[in-house]
Amino acid sequence: MVETLEADYLVVGAGAAGMAFTDALIDHADVSVILIDRRHGAGGHWLDAYPFVRLHQASSFYGVASTLLGEGRIQPDGPEAGMPERATAPELCAYYARVLHERLLRSGKVSFYPNCDYVGEGQFVSRLSGRRYEVRGRARVVDAHYLAPRIPANSPAPFGAAEGQRVVAVNELVRLGGASSQYVIAGAGKTATDACIWLLDNGVEPGAICWVRPREPWMLDRAVVQPDPVVFLGTAADIMEAAAVASSPDQVFFLLEDAGVMLRIDTSVTPTMAKVPTLARWELDRLRTIECVVRLGHIRHVEPGRLVLTDGEAPIARDAVVVHCAASGLRYRPLVPVWGREAITVQPIQLGFACFGAALAGFVEATLEDDDLKNRLCPPSPFSNKPADWMRQQVLGARASFRSESRIESWADAVSLNPARVPPELIGSPALTAAQERLRHVAAPGMTRMTELAGMS
């Protein structure tokens, strides 16, 4: 038996993208929304995240447009004293639960169906009862799950292990019983850096950590990605200046390293990974204390006393705990028009700030009628993986022209999720004016050269 529901929109996914889209949509349009998710609540992968994770960006860049994540505080102490707060996993889960119940459901415009799988053609099925639902009427499907990340908690380790060999997802680190003489960290991205820092902060000696890094990562210095327009515009100018004179994508990153924008853990190795999460310099210093680094490709099999990798073997302690941090994380699916015939497919718009892009799409959907116009104003931009990808991300992100519509520009300038927002009190200040002029001077030659480096000319 199929239960029939009526709504204007069916939003598939109550993670960061689905929540940001829905929040902006109902704030600016009198519509009804059915929001579904396969998990038990709102928050997406944060409900499964390892407990010691924190946002790698300022909290104000994340969440939904109507409700500030956190309190807008500056960290009063610790290694990042003076920098904006970064939410923890429990804070993020509590935030999304509060937004769902106090903002979306209380509006009377949203109905939430957890523990449900979308099966296509406006239908979804409960994972608990098996009940099938069909949304009829003029309901438009919003695919907010298209780029849902893969994380270790719900992705098996991409390698085999001999019987008796301990392999745990990074989530299990906090529940391990009994000390091991060695911890083998599998992965080179943000999850792996977090795992290493957590172990070091909890008394594990650097010599007891073996870090398998199939690729070396580039990371952004967290200090240059802040909700301060002078800092943000200065970083953008640094990027354009580097691009304008570079002969290759790698050289862009080396020049940005010299400018204090990019970081790499080992300065003797040229990174090939450019997903570019942020990293603080105190974290970089801690990571550099780990000397046992294996660069023999990806792990294929783990046996007591050794790792079998794509490019060789490496010895490990017989009682080593192998920590799986090797899920792919970001999804690299083909870019499609955000507004398509079958669905609105939520993707980043402008420079990879996913929550802003999703909220922007929700606002544009609420306030404009013409899908062709919407797609011209808000083309999607990809996540990056390699240095050349990062060039392409910058070029495609710069092609968004939503600011040409005054309503959208006014909204974007008032939303803390927007990294390029300029608070009214700073308009016309000498520091801001200088930063704007510097960027204006280098933007054209930088973008022209970056287009060439990305192979898009």
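Structural data are supplied above this passage.
Residues numbered from 1 in each chain as written. Predicted model: local features only at pLDDT ≥ 70, side-chain atom pairs only at ≥ 80, totals over all residues. Heavy atoms only, no water.

Participant: Explain the side chain of Thr191 residue by residue, including any values.
Facilitator: Counting through the fold element by element, Thr191 comes out in helix H3 (residues 190-201). Classification of Thr191 as buried rests on a relative accessible area of 18%. Contact partners of Thr191, with chain neighbours within four places excluded, come to Tyr50, Pro152, Val170 and Cys325. (Helix = DSSP H or I, 4+ residues; strand = E, 2+ residues; numbered from the N terminus. Buried < 20%, exposed > 50% of the residue type's maximum accessible area, 1.4 Å probe, protein only. Contact = heavy atoms within 4.5 Å.)

Participant: Tell me about the sheet that holds strand S15 (residues 278-279), residues and numbers included.
Facilitator: What links the strands of a sheet is backbone hydrogen bonding, and the strands pair in either a parallel or an antiparallel sense. The sheet built from 3 strands is open, its strands ordered S14-S13-S15 with mixed pairing. Both outer strands of the open sheet, strand S14 (262-264) and S15, are each paired with one neighbouring strand and no more. Sheet topology note: the strand S13 (residues 218-221)/S14 ladder contains 3 bridges and is antiparallel. Bridging across to S14, Trp218 finds its partner in Arg264. Lying on the sheet, helix H5 (residues 249-258) is in contact with S13 and S14; it crosses S14 at an angle near 100°. (Pairing = 2+ DSSP bridges. Axes fitted to C-alpha atoms, helices over the stretch in contact; angles between N-to-C directions.)

Participant: I'd like to hear about the packing of aromatic side chains, residue by residue, with values.
Facilitator: All chains considered together, the criterion is met by 15 aromatic pairs. Geometrically, the ring pair formed by Phe356 and Trp411 is stacked, given 6.2 Å between the ring centres and 15° between the ring planes. Of this pair, Phe356 sits in helix H7 (residues 354-367) while Trp411 sits in helix H10 (residues 406-412), and the two are 55 residues apart along the sequence. Both residues of the pair, Phe356 and Trp411, count as buried. Members of the aromatic cluster, joined through ring pairs, are Trp218, Phe253, Phe254 and Trp390. Stacked on the ring of Trp211, the Lys or Arg Arg213 has its end atom at 4.4 Å from the ring centre. (Phe/Tyr/Trp six-rings, centres within 6.5 Å; stacked < 30°, edge-to-face > 60°. Lys NZ or Arg CZ within 6 Å of the ring centre and 35° of its normal.)

Participant: Account for unusual backbone geometry, naming residues and giving values.
Facilitator: Its identity is not glycine, yet Asn115 carries a phi of approximately 55°, on the positive side. Structurally, Asn115 is set in the loop between strand S4 (110-113) and strand S5 (116-120).

Participant: Any details on the layout of surface pockets? Residues and values, ideally.
Facilitator: In this model, the second largest pocket occupies a volume close to 270 Å³. Where the lining of the second largest pocket is concerned, the elements lending two or more residues are H3, S15 and helix H6 (281-287). Top element by residues in the lining of the second largest pocket is H3. It accounts for 6 residues. (1 Å grid on protein atoms, 1.4 Å probe; cavity = no way out; pocket = protein on both sides within 12 Å on 5 of 7 lines; lining within 4 Å. Points joined across faces, edges and corners; volume = space filled by probe spheres on them.)

Participant: Residues and numbers for empty space enclosed by the protein, please.
Facilitator: Tallied over the full model, the rule gives 1 cavity of 30 Å³ or more. Here the largest cavity is characterised by a volume of approximately 30 Å³. Lining the largest cavity, in full, are Gln57, Ala58, Gln75, Glu80, Met83, Pro84, Arg86, Arg222, Val225 and Gln226. Taken together, the residues of the lining of the largest cavity break down into 4 nonpolar, 3 polar and 3 charged. (Nonpolar A, V, L, I, M, F, W, Y, C, P; charged D, E, K, R; others polar.)

Participant: I'd like a description of the state of the cysteines, backed by residues and values.
Facilitator: Taken as a whole and assessed by the stated rule, the structure comprises 0 disulfides. Take Cys210: it sits in no disulfide, and the sulfur closest to it among the cysteines is that of Cys292, at 3.4 Å. Accessibility expressed as a relative area gives 31% for Cys292, which makes it partly exposed. (Disulfide = S-S within 2.5 Å.)

Participant: Please give an account of helix H4 (residues 229-245) that cites residues and values.
Facilitator: With 17 residues, H4 ought to run about 24 Å at 1.5 Å a step, and its terminal C-alpha atoms sit 25 Å apart, in line with that. Among all positions of H4, only Pro229, Phe232, Leu233, Gly234, Thr235, Ala237, Asp238, Ile239, Met240, Ala242 and Ala243 are buried. Packing partners of the buried residues in H4 comprise H5, helix H9 (387-398) and helix H11 (430-453). Measuring from the side-chain oxygen of the N-cap residue of H4 to the backbone nitrogen of Val230 gives 2.9 Å; that N-cap residue is Asp228. (Expected span 1.5 Å × (residues − 1). Polar contact = N/O pair within 3.5 Å; in protein donor to acceptor, adjacent residues only side chain to side chain.)

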